Amino acid sequence: MDTVKKSKTLLVVSLVIIVVIAAMAFGRGSLLPGKSLAAETGNSSKLASITNGVQEIETQLPQNGYPVITVQKGVPVKWNLKADATSINSCNGTLVIPEFNIKKDLQPGDNIIEFTPNQSGIIPYSCWMGMINSQINVVDALDKATSSDISNLSVIGGPAKRSGAGCCSLSQ
Ligand SMILES: [Cu+2]
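Not measured: the values here are computed from a predicted model.

*Asks:* Looking at this structure, how should I read the pairing of strand S4 (residues 69-72)?
*Replies:* Within a regular beta strand, the side chains point alternately toward one face of the sheet and then the other, so they alternate between its two faces. The alternating pattern of S4 places Ile69 and Val71 on one face and Thr70 and Gln72 on the opposite face, and all of these are buried. Both strand S1 (residues 46-47) and S4 contribute to a ladder of two bridges, which runs parallel. Counterpart to Leu47 in the pairing with S4 is Thr70. The pairing of S4 with strand S10 (residues 133-139) spans four bridges and is classified as parallel. Counted as the bridge partner of Thr70 is Asn137 from S10.

Here's what the structure looks like:
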């Protein structure tokens, strides 16, 4: 290999490395930010996924709490809160989302809850007695949101989160 060929090869290799590094850096920035939220360990909320103009989300009802979900504004939500007969009790058995005037009696199996959030923010929801509290995070765009976007959201609907002690107030 002559010197010219050698340096050309070196140049090509360097360029490839630069492009790869740039792509990785860019990907961490704004190209693939949706991955960051889903992959973030600090994000314990369940994310909706949008298919054909509907954002679907499936969660399981725990015995002593309600799941936190994260959805996008402006897209109809179809949330299935699946429940085992053993997880439903007199406390968590009826769920209310005041912002959408939703009052849902949970049944064993599928429980479909539908609403369309129109602005970003935190929508509180609770059991009918207001003792188990949880929230729906509404972001501008699911694929661009980061966990810091979520922590910057302010409450937009329903009563403020309260930490009442009662039959079913358990740490969340
Ligand atoms: Cu309750």
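*Asks:* Please clarify how the sheet that holds strand S7 (residues 102-105) should be interpreted in this entry.
*Replies:* Sheet strands pair by backbone hydrogen bonding; their relative direction is either parallel or antiparallel. Taken together, the six strands give an open sheet; going across it, the order is S1-S4-S10-S9-S6-S7, and neighbouring strands pair in mixed fashion. Looking at the sheet topology across the chains shown, the edges are occupied by S1 and S7. One ladder, built from six bridges, connects strand S9 (residues 121-127) with S10; its direction is antiparallel. Looking across to S10, one finds that Ile123 is bridged to Ile136.

What counts and what doesn't
- Residues numbered from 1 in each chain as written.
- Predicted model: local features only at pLDDT ≥ 70, side-chain atom pairs only at ≥ 80, totals over all residues.
- Buried ≥ 20, exposed ≤ 12 C-beta atoms within 10 Å, placed from the backbone.
- Helix = DSSP H or I, 4+ residues; strand = E, 2+ residues; numbered from the N terminus.
- Pairing = 2+ DSSP bridges.

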